[in-house]
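If you want the building blocks of each chain, they are given just below.
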There are 2 protein chains.
Amino acid sequence: MAIIQSLARGLEILDLLANADNGMGITEFAQHLDIDKSSASRLLHTLASYGYTEQDADTRRYTLGPRILTLSNSVLNRMPLRDHARPVLAKLTHATGECSHMAILSHGKALYIDQVESPSILRVETEIGTMSPLHCTALGKILLAFNRLPIPQTLNSYTPRTITNPAELELHMVQVRKQGYATDDEEHVLGVRCLAAPVYGFRGRVLGAIGISGPSGRMTYEKLPELADYIIELVTDLSHRLGSMQ
Amino acid sequence: MAIIQSLARGLEILDLLANADNGMGITEFAQHLDIDKSSASRLLHTLASYGYTEQDADTRRYTLGPRILTLSNSVLNRMPLRDHARPVLAKLTHATGECSHMAILSHGKALYIDQVESPSILRVETEIGTMSPLHCTALGKILLAFNRLPIPQTLNSYTPRTITNPAELELHMVQVRKQGYATDDEEHVLGVRCLAAPVYGFRGRVLGAIGISGPSGRMTYEKLPELADYIIELVTDLSHRLGSMQ
DNA sequence: AACTATGTTGCGTATTATACAACATTATCG
DNA sequence: CGATAATGTTGTATAATACGCAACATAGTT
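Caption draft 1: Focus on the protein's contact with DNA strand D. Lining the immediate surroundings of DNA strand D are 23 residues, of which Gln5(A), Thr27(A), Arg9(B), Ser39(B) and Arg42(B) lie closest. Sugar and phosphate atoms form 73% of the subset of DNA strand D atoms that lie within 4 Å of the protein. Within the side chain of Arg42(A), one N or O atom sits 3.1 Å away from a base oxygen of DNA strand D. Interatomic distance of 3.3 Å between a backbone N/O atom of Asp36(B) and a phosphate oxygen of DNA strand D. The greatest single-element share of the surface near DNA strand D, amounting to four residues, is contributed by helix α3 (residues 37–49) of chain A. Grouping the amino acids of the surface near DNA strand D by side-chain chemistry returns five nonpolar, eleven polar and seven charged.

Caption draft 2: The arrangement of the pairing of strand β6 (residues 182–185) of chain A in detail. Residue and element names in this part refer to chain A. Bridge count between β6 and strand β7 (residues 192–200): four bridges; the pairing is antiparallel. The residue bridging Ala182 from the neighbouring strand is Ala196, located in β7. Between β6 and the antiparallel strand that follows it, β7, lie six residues; Glu186 among them carries a positive phi value of about 55°.

Caption draft 3: Inspection of the side chain of Thr137(B) at higher detail. Examined against the element boundaries, Thr137(B) turns out to sit in the loop between β5 (131–132) and α6 (138–146). For Thr137(B), the contacting residues outside a window of four places in its chain are Ser132(B), Asp184(B) and His188(B).

Caption draft 4: How the structure looks around helix α8 (residues 224–241) of chain B. Residue and element names in this part refer to chain B. Under the 1.5 Å per step criterion, the end-to-end length of α8 is 26 Å for 18 residues, consistent within 8% with the ideal 26 Å. Listed in full, the buried residues belonging to α8 are Leu224, Leu227, Ala228, Ile231, Leu234, Val235, Leu238 and Ser239. For α8, the arc enclosing every buried residue in end-on projection is 145°, short of the 170-degree limit, so these residues lie on one face. Set apart from the buried face of α8 by more than 90 degrees, the exposed residues are Glu226, Asp229, Glu233 and Arg241. Positioned one or two residues after α8, Gly243 has a phi angle of 105°, which is positive.

Caption draft 5: Local environment of the protein's contact with DNA strand C. The environment of DNA strand C is made up of 24 residues, and the closest members are Met1(A), Arg9(A), Ser39(A), Gln5(B) and Thr27(B). Put simply, 70% of the atoms of DNA strand C that lie within 4 Å of the protein are in sugar or phosphate. Note that a base nitrogen of DNA strand C is positioned 3.1 Å from one of the side-chain N or O atoms of Ser38(A). In the model, a phosphate oxygen of DNA strand C is placed 3.0 Å from a nitrogen or oxygen of the Ile26(B) main chain.

Caption draft 6: Region of interest: the sheet that holds strand β7 (residues 192–200) of chain B. Residue and element names in this part refer to chain B. Ordered in space as β5-β4-β3-β8-β7-β6, the six strands form an open sheet in which the pairing is antiparallel. Whereas interior strands pair on both sides, the edge strands pair on one side only; in this sheet they are β5 and β6 (182–185). In this structure, strand β4 (residues 109–116) lies alongside β5, joined through two bridges in antiparallel fashion. Counted as the bridge partner of Leu111 is Met131 from β5.

Caption draft 7: Representation of the environment of Ala2(B) in the model. Within the secondary structure, Ala2(B) is located in the segment before α1 (5–18). Ala2(B) sits in the partly exposed class, given a relative accessible area of 36%. In this structure Ala2(B) touches Arg42(A), His45(A) and Thr46(A), once residues within four positions along its chain are discounted.

Quick notes on the rules
- Residues numbered from 1 in each chain as written.
- Chains lettered and ligands numbered in written order.
- Predicted model: local features only at pLDDT ≥ 70, side-chain atom pairs only at ≥ 80, totals over all residues.
- Heavy atoms only, no water.
- Near = heavy atom within 4 Å.
- Polar contact = N/O pair within 3.5 Å; in protein donor to acceptor, adjacent residues only side chain to side chain.
- Helix = DSSP H or I, 4+ residues; strand = E, 2+ residues; numbered from the N terminus.
- Nonpolar A, V, L, I, M, F, W, Y, C, P; charged D, E, K, R; others polar.
- Pairing = 2+ DSSP bridges.
- Contact = heavy atoms within 4.5 Å.
- Expected span 1.5 Å × (residues − 1).
- Buried < 20%, exposed > 50% of the residue type's maximum accessible area, 1.4 Å probe, protein only.
- Arc of directions from axis to C-beta.

Remember that the coordinates give geometry; whether it matters functionally is a separate question.
In C-alpha cells:
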C-alpha cells in the first residue's frame, strides 16, 4: 500500500536520532535522507513543534524530545502482555494439568488478568479481574520480589502457613530472587500450592508473573523442582519474545 | 515556520494512541483528525511499516508499536537519573499513599520524566513527558531555587494562590533553599498540594527534583512537615548514591 | 441471509511538499 | 581578529504528492 513520503521521512529522522548520541544537525539529516536542507529543516521543525524532537538553543542540533517518554510510558503501562502470554498459559495447563494464571502489579496487589482452567475435576478457580495479596501468593511474591517493592509492614494471615513477619518475608524475597521462581505452600488457601516465575520485558522490566495452582495432593514437594524448571523455561522464552535481553 | 501537514497528522495519531486504551480503528482516527478514511488508512499504514504502530490481525485496530520503546530507550539512556530514582518513587508512594514524580529542568520548565501512581482512587495523574511551570509547582520551585535561575518577570496565574509577584517569589525561593524542600499549596491546581526536594549529583549539581502530589484533604498542613522530612531523607540518600557529598 | 459498519484500493485534482536560491548566522582557520 | 567556510532558515515557483471522493472488499450484527 501507499507510503506517505513526508511522514516516512519524519519517522526515519526519529530512527536516526535514536542512534545519534550527540544529536544531529540539519545538514546531516539532509545527507542521510538524500533530501534538501530546507526540507529537512521543515521536517525537524514539525517534529519539534509536537515535542518529538528538541532543538538545542546553542548548538542548533536536534535530539529526541520528551514526548517520546509519554508514548513509551503508554506502551509500557499496558503491554500486550496478555495476548502474548495466553498461548503460554495454554501450554502450561496442557503440560501440567493444573490451572495457570497471569497477574500484573496493580495498586499494591496482584491483579489476575488471564487464566486457563485445569481440565481436572478438582481444580483451583480464580476469577479474572480479582486481586490477591502479594505476600502469600506465588504470583504476588514474584511481583513483590522482582519489582523490589518495599515489604508491607502489616501482613495479613490467611492460613497457619502465611508469612506474617516482615523480616522473614524479606529473607524469603531474597531467596525468590535468587532461585528465579516463587512458591505458595498453602499460604493463601489451605490445600492449594502454587508456583510462579517473572515475565521480563524491555530493559529488564518485570511486566508480570505467570504461574500454576493446584491441590497439594497433586503439587507434591517432589514434583515442585521439575515444575519450576518447566515454568521458568516457558516464561523465559516469552520474555525474550517481549524484548527482554536477560 | 511551515509545518509539514502529513507528518503532523502522523504525530497526532501517535498522540491519540497514547491515550487510547484499546487501540483505535481507522474510522475513529479519521473522525478525530477530521480527514478522510483513506488518508487515515494510508497514514496508519506508513506508521505501521516503520513499527511505530501495530495492527491487530483480527480486530484491525491499531496500537502503539514496539519501535516506540527503541526510541524511549535511547532517551532514557541519556537520563541515568531515572533508573536510580524509580525505586525511590516506588518507596515514596508506598509510604505516603500519594503519587510521586520526578522532574528535570528543560527549556525553563519542569519536565516530568517518571511517576509512580497512588493506589488511592482519588489521585493526581500527571502524564510523563509533559512540562509544568516552575513558579507554581513544588518540583518546579526546587528546580528554580536550587539551579539559582533568574526569576521570570511574568508569572502566570493558575489559581488564586499562585504567586504572581516576582519579588515575593524571590523571597519564597530564599525560604525554599533554606528549608531544603518546596511546597505547592494549591498554586497550580485547586485542591492539590505537593511537596518536593532536590536530587544532588556529583559536585553538588542539582540533577532534578522528586516529590509527591495529593488532594489537600489528605495532604493536610499538619502532615506536611513529617512528609517533608521523609522525602528529604529518601532523596538525600539517593543523592549520596549518585555521588553527592552534601 | 440481508444489512450495517469498517477498512482498503483506484484515480483525478489541487493542495502541499519539494528543490533551488538567497539570506542569516555561527564556526573555523589563517 | 578578520576572512572564509559551513550551517540553518526563509521566500518562491513548480511539479510531485497527498488528498478526498467513490467504489469495492471484508467483517460483524440482527
